[in-house]
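Structural description and commentary
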Protein chains: 2
Amino acid sequence: MDKQEQILQAALKLFVEYGFHGTPTSKIAQSAGVSNGTLFHYYKTKDELVVAVYIYIKEHLASCTHLLPQEEMTLRQYFKQLYMAWLKWALSHPCEYQFTRQFVTSPYLMKVSQGVREKYSAPLLDCLKQAIDGRVVKPLPLSLLLSLISSHIDGVYLYLESSDLDETQRDELVNRTFDLMWDMIG
Amino acid sequence: MDKQEQILQAALKLFVEYGFHGTPTSKIAQSAGVSNGTLFHYYKTKDELVVAVYIYIKEHLASCTHLLPQEEMTLRQYFKQLYMAWLKWALSHPCEYQFTRQFVTSPYLMKVSQGVREKYSAPLLDCLKQAIDGRVVKPLPLSLLLSLISSHIDGVYLYLESSDLDETQRDELVNRTFDLMWDMIG
DNA sequence: TTTAAGATTGACTAATCACTCCACAAAAAT
DNA sequence: ATTTTTGTGGAGTGATTAGTCAATCTTAAA
């Protein structure tokens, strides 16, 4: 892991614990094991660093949930795979997920262009479009469906995070909530 | 409106625009039309002020959505009334709603006791309990249902906020999304 | 009228912060 | 071998910040 990534990782942890403005750049550098100067060599401003952490996480999430539909797979099955991959990533990367939640509700979100924000929801959007055409999902505005699904995952995440279920019970609940979501949109 | 409330209102607006740590107390005092000293006379620390804004909003929301079930009203109808009151409050108080979103995803949430946080969801919780007993809602954990419903409302809010529908279309969509949610939990 | 308690002010301070700057080291290009 | 580019460190800086304080004002009870 190079210094640039050490900085991103350290920043991520501290931002989640103390908030964006609550963590001084000096603490980030210290925690990353680099000097102040090095931090500002890679990121011109603190704002730039905050956005970089966001992009870094989104790229990571995208690479972990980049699943292609297999042969002989129904849209529902493919959809379920995407849903579960997303939720399992969130549960196994709580720090990253919490950062994202904090980021998208903060004024920092405005620093990320519309294009970048849309980029990461493209696969799900394509899948939804197909599902509506195939009449397996109700003909609602795509952005509404997307918003409802992200929020739904958020809700399940928050519940699972505060409950202390074991792995098996967790999987069972994720399955169950997918059915709930499908009841809603299908 | 007394000075104390002026401070809360000014803090609310600035926090939403610039984030918690992004808004200096001096700016809050200035915007509220009071002196620095007055602000700290009412709130010993900035953290205390942030929490006070949260409680202030929650109390306001609670007073606006405190609806009692009428005679000859099904649970579904009562539930829908609560749902719509909540969503309409969010839409007509975007600043307050955004503040809450920002607050609950931030480390500040930990400064509010569990008891206070639960207090405001009690009415909905009671209603859900009855609905499960009456077999009109699926027998899922109450905290899961609560989490799913709050998140659902969040999702609808975010969609409506970014779309530019007129009042009628908005109402129609709120009705439609209630049905979606009911399909999910009922 | 006197008195006491709270409300209000704004200058002040000690600490902190984002960011700069320059010296130097490592690596890469020539 | 020499030059250029890039990476790294850390002391330093000017601006900003949360919070204090002593002085004044307001209110209302005694």
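Definitions and cut-offs
Residues numbered from 1 in each chain as written. Chains lettered and ligands numbered in written order. Predicted model: local features only at pLDDT ≥ 70, side-chain atom pairs only at ≥ 80, totals over all residues. Heavy atoms only, no water. Salt bridge = Lys/Arg side-chain N within 4 Å of Asp/Glu carboxyl O. Helix = DSSP H or I, 4+ residues; strand = E, 2+ residues; numbered from the N terminus. Buried < 20%, exposed > 50% of the residue type's maximum accessible area, 1.4 Å probe, protein only. Least-squares fit on C-alpha atoms with pLDDT ≥ 70 in both. Contact = heavy atoms within 4.5 Å. Axes fitted to C-alpha atoms, helices over the stretch in contact; angles between N-to-C directions. Left-handed = near helix turned anticlockwise from the far one by under 90°. Nonpolar A, V, L, I, M, F, W, Y, C, P; charged D, E, K, R; others polar. Domains from an automatic or database assignment. Buried area = accessible area lost by both parts, 1.4 Å probe. Polar contact = N/O pair within 3.5 Å; in protein donor to acceptor, adjacent residues only side chain to side chain. Near = heavy atom within 4 Å.

Brief notes about the pattern of salt bridges
Residue and element names in this part refer to chain B. The tally for this structure, following the rule as stated, stands at twelve salt bridges over all chains. Between E59 and K119 there is a salt bridge; the shortest N-O distance is 3.0 Å. On the criterion of sequence distance, the pair formed by E59 in helix α4 (residues 46-64) and K119 in helix α7 (residues 114-119) is long-range, its members being 60 residues apart. Under the relative-accessibility criterion, E59 is labelled partly exposed at 35%.

Points about unusual backbone geometry
Keep in mind that most residues, glycine aside, have a negative phi and that most peptide bonds are trans. The backbone of A:E72 shows a phi angle near 50°, a positive value even though the residue is not glycine. For A:E72, the location among the structural elements is in the loop between α4 (46-64) and α5 (75-92).

Re the relation of the copies chain A and chain B
Overlaying chain A on chain B yields an RMSD of 0.0 Å, the required transformation being a rotation through 180° with an accompanying axial translation of 0.0 Å. As the rotation angle and translation indicate, the two copies are arranged about a two-fold axis. Both copies share a contact surface, since 100% of the interface residues of chain A are interface residues in chain B too.

What about the packing of helix α10 (residues 167-185) of chain A against helix α10 (residues 167-185) of chain B?
Where α10(A) contacts α10(B), the two axes come as close as 7 Å, and the packing angle between them is 145°. As α10(A) packs across α10(B), the resulting crossing turns out to be right-handed. Here A:L180, A:D183 and A:M184 of α10(A) lie close against α10(B), whose contacting residues are B:L180, B:D183 and B:M184. Looking at the contact of α10(A) with α10(B) residue by residue, the class counts come to four nonpolar, no polar and two charged.

Things to note about the domain arrangement of chain A
Residues and elements named next belong to chain A. Looking at chain A, the domain boundaries give domain 1 (1-44) and domain 2 (55-185). With centres defined by C-alpha atoms, the gap from domain 1 to domain 2 works out at 29 Å. Summed over both sides, the interface of domain 1 with domain 2 buries roughly 940 Å², with 73% coming from carbon and sulfur. The largest contributions to the domain 1 side of the interface with domain 2 come from L12, V16 and F20, which together make up 64% of the buried area. Where domain 1 touches domain 2, the interface holds zero salt bridges. Remark: the boundary between domain 1 and domain 2 carries four residue pairs in polar contact (both at pLDDT 80 or more).

Concerning the protein's contact with DNA strand D
The local shell around DNA strand D holds 14 residues, among which A:S35, A:T38, A:Y42, B:T25 and B:K46 are the closest. Near-protein atoms of DNA strand D (within 4 Å) split between backbone and bases, with sugar and phosphate holding 65%. A:G37 places a polar main-chain atom, nitrogen or oxygen, 3.4 Å from a base nitrogen of DNA strand D. One of the side-chain nitrogen or oxygen atoms of A:H41 is found 2.9 Å away from a phosphate oxygen of DNA strand D. At four residues, helix α3 (residues 36-42) of chain A tops the list of elements feeding residues into the surface near DNA strand D. Of the residues in the surface near DNA strand D, the class split is four nonpolar, eight polar and two charged.

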